[in-house]
Amino acid sequence: MTATRTSTTAALLIATLFWAGNYVGGGPAVPTIPPLDLVALRSAIAVVPLFVLA
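Draft legend 1. Spatial organisation of the overall build of the protein. A tally of regular secondary structure across the protein gives two helices and zero strands. Relative to its length of 54 residues, the protein is extended, with a C-alpha radius of gyration of 14 Å against a globular reference of 10 Å. Taking the principal axes of its C-alpha atoms as reference, the protein extends roughly 45 × 25 × 10 Å. Looking at the 54 residues of the protein, the share that counts as buried comes to 6%. For the protein, the accessible area works out to roughly 4,700 Å², and carbon and sulfur atoms hold 78% of it.

Okay, here's the thing in structure tokens:
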């Protein structure tokens, strides 16, 4: 595999793992954390890698 294909596959794998972790972690969090707080927390966590990549 070429470097581009390897990096693309890795990015897709990481996106899938984040999505799955969000689904698994969101289930128990919804009854204990208010929805707007949960969205704010998820957005704050997502900003960190976006600033690193920007």
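Draft legend 2. Highlighting the environment of Thr 9. Along the chain, Thr 9 falls in helix H1 (residues 3-32). Overall, the relative accessible area of 42% leaves Thr 9 in the partly exposed class.

Draft legend 3. Looking closely at the packing of aromatic side chains. Considering all chains together, one arrives at one aromatic pair under this definition. Consider the rings of Trp 19 and Tyr 23, whose centres lie 6.2 Å apart with planes at 15°: the pair is stacked. One end of the pair, Trp 19, and the other, Tyr 23, are both in helix H1, four residues apart, so they sit about a helical turn from each other. Residue classification places Trp 19 among the exposed residues on the basis of a relative accessible area of 61%. Owing to a relative accessible area of 64%, Tyr 23 belongs among the exposed residues under this scheme.

Draft legend 4. Seen up close, the environment of Pro 35. Relative to the assigned elements, Pro 35 resides in helix H2 (residues 35-53). Here the alpha-carbon distance between Pro 35 and Leu 12, two residues 23 residues apart in the chain, equals 27 Å.

Draft legend 5. Here's a closer look at H1. Over its 30 residues, H1 extends 43 Å from the first C-alpha to the last, a length consistent with the 44 Å expected when each residue adds 1.5 Å. The largest bend along H1 measures about 40° and falls at Gly 26, with the proline Pro 28 one to four residues further on.

Rules behind the numbers
- Residues numbered from 1 in each chain as written.
- Predicted model: local features only at pLDDT ≥ 70, side-chain atom pairs only at ≥ 80, totals over all residues.
- Heavy atoms only, no water.
- Helix = DSSP H or I, 4+ residues; strand = E, 2+ residues; numbered from the N terminus.
- Rg over C-alpha atoms; globule rule 2.2 N^0.38 Å.
- Buried < 20%, exposed > 50% of the residue type's maximum accessible area, 1.4 Å probe, protein only.
- Areas by Shrake-Rupley, 256 points an atom, 1.4 Å probe, with all protein chains shown as cover.
- Phe/Tyr/Trp six-rings, centres within 6.5 Å; stacked < 30°, edge-to-face > 60°.
- Expected span 1.5 Å × (residues − 1).
- Bend = angle between axes of the 7 residues up to and from the residue.

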